[in-house]
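A look at the structure
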Amino acid sequence: MSSNSEWSEIAQRRVVAKSTHASFPQLKYPSLRDAGLKDPVQWLAGKSMDDGAEGLWRVHDKLYDLTKFIKLHPGGEEWLELTKGTDITEAFESHHLNPAAEKILTQYYIKDAKTPRNSPFTFKEDGFYKTLKKVVFEELKKIPKDGTKTTDRITDDRSSNHSKTGLQAVVHSADSTKPSGTFKTSRAQSWSRKRDFRISHVLSHHLYTNTLLDLDITELEPFLLLHPRKDKPFYAKLGPIIELFFFPFYFLISFSKRIICIFLRKGFFKKHFRWHDALGLTLPIFMWITTGTPVLQVISTWLSINCIGSFIFTSIAVSASHHHPDVIKDGDQPRSETPDWGMHQIEALLDRKDVNNNVFAVIILFGDHALHHMFPTLDHGILRHLRPIFIEICEKFQANYQVSTQFQLVLGQIKETMRTEFKTIKQRYT
């Protein structure tokens with residue numbers, strides 16, 4: 001497999017052909033975006049090449065050495081282990097509401113960064129997001145202590161069902177018609193995808209939504225091209241049909257890439273793989289040992305329930321909020337080339353009024369999406385209490401917050417898959 005220097009050469013050759021973001025032309029085209037397997041660890045490696053963090057942790061225009069803080073980090077060690085050598089500005093701002101975090105950070109300051117940030121987003125003290133963040137921090141003090149009781153109850157109930165259905169899946173593993181197997185496989189997948197999901201969804205999609213740095217979009221390519229492009233190939237315009245064949249295998253493709261990378265990666269890549277990357281393989285082995293079912297039948301059952309779970313999960317994910325002609329994608333002209341981060345989040349999604357009215361639907365269908373993106377560490381049971389103040393701040397800053405319905409988003413996602421024309425966001429303001 002290529003060494004880090006070879007990866008750098010590959011990235012430079014790619015940049016010659018694609019030197020800018022379409023929406024944010026002052027930025028560098030992401031290194032490694034179009035190379036290799038497009039897996040999460042590769043995304044991190046490419047980002048570390050572009051961020052000017054010099055092997056440290058970058059927040060705004062300052063570099064910090066958080067090595068001694070890793071084991072003290074309240075959110076867990078892995079977040080800091082993964083992000084070493086990258087710009088974590090967006091992650092730091094959106095994951096830390098308490099101003100005390102900024103004071104702690106200053107203790108680990110090393111020096112100023114030598115290069116400008118490779119991100120279009122700003123966090124001005126009097127801007128939309130920082131203003132909202134301050135108001136939300138104060139509002140959280142007024143929320144009842146049992147504000148998360150409903151979501152806790154739903155989560156506990158689902159966990160209990162997972163355990164019961166998991167046991168049934170082992171006992172009846174030879175019968176692929178048993179729906180119980182889907183939950184067991186999904187649970188095993190969640191363990192084995194934990195690290196990957198933290199990178200692709202939390203560190204990439206949540207922070208750089210609908211830009212070229214959004215790995216949730218990148219890793220669907222070339223099967224689905226969810227950014228508008230005038231030269232979009234013919235097959236890409238058949239996205240709604242391709243989805244039916246691709247979505248059932250998304251879990252298996254991701255899992256296969258992870259296994260391949262364990263044996264082939266070196267350097268930066270290799271050190272970020274863990275023993276639990278192979279955890280997904282324990283389920284079919286356990287099914288075979290426990291039941292004595294023939295190997296081929298076990299594999300068939302495992303593949304079937306993986307494909308069913310993959311199709312359901314991926315179908316919900318792509319139609320949840322971000323893929324609709326009314327949201328901004330890379331290629332569209334934003335109203336600012338250096339937008340407030342919170343403003344961009346609003347431009348890059350549609351909330352669903354029919355989903356947000358039901359706590360259970362919010363949990364299983366990624367509801368309260370705008371607030372969830374801006375405050376990902378908060379329980380969904382709390383987010384509904386923040387809606388009034390959120391709407392108030394949106395009106396104050398004239399943010400283009402839009403709501404739709406789940407049905408309209410499903411139709412919009414189909415249209416977005418086929419979109420080739422760019423739009424100017426300014427045209428949607430009156």
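Residues numbered from 1 in each chain as written. Predicted model: local features only at pLDDT ≥ 70, side-chain atom pairs only at ≥ 80, totals over all residues. Heavy atoms only, no water.

Under an unreviewed UniProt entry, the name given to the protein chain is Cytochrome b5-related protein, and the organism recorded is Arctia plantaginis. Heading Sequence similarities (unreviewed entry) of the UniProt record for the protein chain holds this comment: "Belongs to the cytochrome b5 family." Quoted straight from UniProt, the Function (unreviewed entry) entry for the protein chain says "May play a role in muscle cell metabolism." (UniProt positions renumbered as here; feature names shortened; annotations may be inferred.)

Among the residues of helix α11 (residues 239-246), those classed as buried are G239, I242, E243 and F246. Down the axis, α11 shows its buried residues gathered within 110° of arc, on one side only. Exposed and oriented more than 90 degrees from the buried face of α11 are L244 and F245. (Buried < 20%, exposed > 50% of the residue type's maximum accessible area, 1.4 Å probe, protein only. Helix = DSSP H or I, 4+ residues; strand = E, 2+ residues; numbered from the N terminus. Arc of directions from axis to C-beta.)

Mapped onto the present numbering, the UniProt feature "transmembrane region" (unreviewed entry) falls on residues 234-253, 273-290 and 302-320. Within the segment residues 234-253, helix and strand shares are 60% and 0% respectively, and the terminal C-alpha atoms sit 23 Å apart. Spanning residues 302-320, this segment combines 89% helix with 0% strand, and its end C-alpha atoms are found 27 Å apart.

On to the pattern of salt bridges. Evaluated as defined, the whole model comprises 26 salt bridges. Put simply, K28 and D50 hold a salt bridge, and the shortest N to O gap is 2.9 Å. In this pair, K28 is assigned in the loop between α1 (4-17) and α2 (40-50) and D50 in helix α2, connecting sequence segments 22 residues apart. Accessibility expressed as a relative area gives 34% for K28, which makes it partly exposed. The partner of K141 in a salt bridge is E138, with the nearest N and O atoms 3.2 Å apart. Here the salt bridges do not stand alone but share partners, grouping E93, E102, E125, K130, K133 and K134 into one network. (Salt bridge = Lys/Arg side-chain N within 4 Å of Asp/Glu carboxyl O.)

It is worth spelling out empty space enclosed by the protein at this point. Enumeration according to the criterion identifies 4 cavities of 30 Å³ or more in this entry. Space inside the largest cavity adds up to approximately 120 Å³. In terms of lining, the largest cavity is formed by 15 residues, of which the most central are S31, L32, R33, W43 and L215. Among the elements of the structure, α2 and α10 (215-218) are those that each provide at least two residues to the lining of the largest cavity. If you tally residues by element for the lining of the largest cavity, the top one is α2, at 4 residues. (1 Å grid on protein atoms, 1.4 Å probe; cavity = no way out; pocket = protein on both sides within 12 Å on 5 of 7 lines; lining within 4 Å. Points joined across faces, edges and corners; volume = space filled by probe spheres on them.)

Within the element layout of this structure, I312 appears in helix α15 (residues 295-318). Taking C-alpha positions, I312 is 8.0 Å from P248, a pair spaced 64 residues apart along the chain.

This next bit is on the nonpolar core. Counting residues in hydrophobic clusters, the biggest one holds 50 residues, and the most contacted among them are L66, F128, M374, F375, L386 and F390. If you tally residues by element for this core, the top one is helix α20 (residues 380-396), at 7 residues. Setting aside its immediate chain neighbours within four residues, L386 contacts V136, E139, L140, I143, L371 and L378. In this structure, I217, L220, L224 and L226 belong to the second largest nonpolar core, which totals 10 residues. (Core = buried A, V, L, I, M, F, W, Y, C linked by side-chain atoms within 4.5 Å. Contact = heavy atoms within 4.5 Å.)

Now for the packing of helix α14 (residues 282-291) against α15. Taken N-terminus to C-terminus, the directions of α14 and α15 make an angle of 135°; their axes are 10 Å apart at the nearest point. Classified by the interaxial angle, the pair formed by α14 and α15 is oblique. The chirality of how α14 crosses α15 is right-handed. Listed contacts from α15 to L283, P284, M287 and W288 of α14 are V295, V298, T301 and W302. (Axes fitted to C-alpha atoms, helices over the stretch in contact; angles between N-to-C directions. Parallel < 35°, antiparallel > 145°, perpendicular 65-115°, else oblique. Left-handed = near helix turned anticlockwise from the far one by under 90°.)

What follows is about the packing of aromatic side chains. Geometry of an aromatic ring pair is reported as the spacing of the ring centres plus the angle between the planes. Tallied over the entire structure, the rule returns 15 aromatic pairs. Taking the centre distance of 6.1 Å and the plane angle of 75° together, the rings of F24 and F121 count as edge-to-face. In this pair, F24 sits in the loop between α1 and α2 while F121 sits in the loop between β3 (109-112) and α6 (128-139), placing the two residues 97 residues apart along the sequence. Comparing F24 with F121 shows no difference in burial state: the two are buried. The lysine or arginine in question, K230, covers the ring of F422, its NZ or CZ lying 5.2 Å from the ring centre. (Phe/Tyr/Trp six-rings, centres within 6.5 Å; stacked < 30°, edge-to-face > 60°. Lys NZ or Arg CZ within 6 Å of the ring centre and 35° of its normal.)

To continue, consider α6. Each α-helix winds once per 3.6 residues, and so residues spaced three or four apart point in a common direction. In this model, α6 (12 residues) spans 16 Å end to end at C-alpha, consistent with the 16 Å of a helix rising 1.5 Å per residue. Within α6, burial applies to F128, Y129, K130, T131, L132, K133 and V136. Next to the buried residues of α6 lie α4 (89-95), α5 (100-106), α16 (341-347), α19 (369-374) and α20. (Expected span 1.5 Å × (residues − 1).)

What follows deals with a nonpolar patch on the surface. A cluster of nonpolar side chains, namely F234, L238, I241, L244, F245, I308, F311 and I312, defines an oily patch on the protein surface of about 810 Å² accessible area. Only α11 and α15 provide two or more residues apiece to the nonpolar patch. (Patch = residues over 30% accessible without salt bridge, like charges linked within 9 Å, V, L, I, M, F, W, Y side chains within 5 Å. Areas by Shrake-Rupley, 256 points an atom, 1.4 Å probe, with all protein chains shown as cover.)

An order of β1-β2-β3 is seen for the 3 strands of this open sheet, with the pairing classed as antiparallel. Edge positions in the open sheet fall to β1 (57-59) and β3, since each of these has one partner strand only. The mean inter-strand angle of the sheet, taken between neighbouring strand axes irrespective of direction, is 35°. Bridge count for β1 against strand β2 (residues 62-64) is 3 bridges, and the pairing is antiparallel. Residue pairing across strands places W57 opposite Y64, the latter belonging to β2. (Pairing = 2+ DSSP bridges.)

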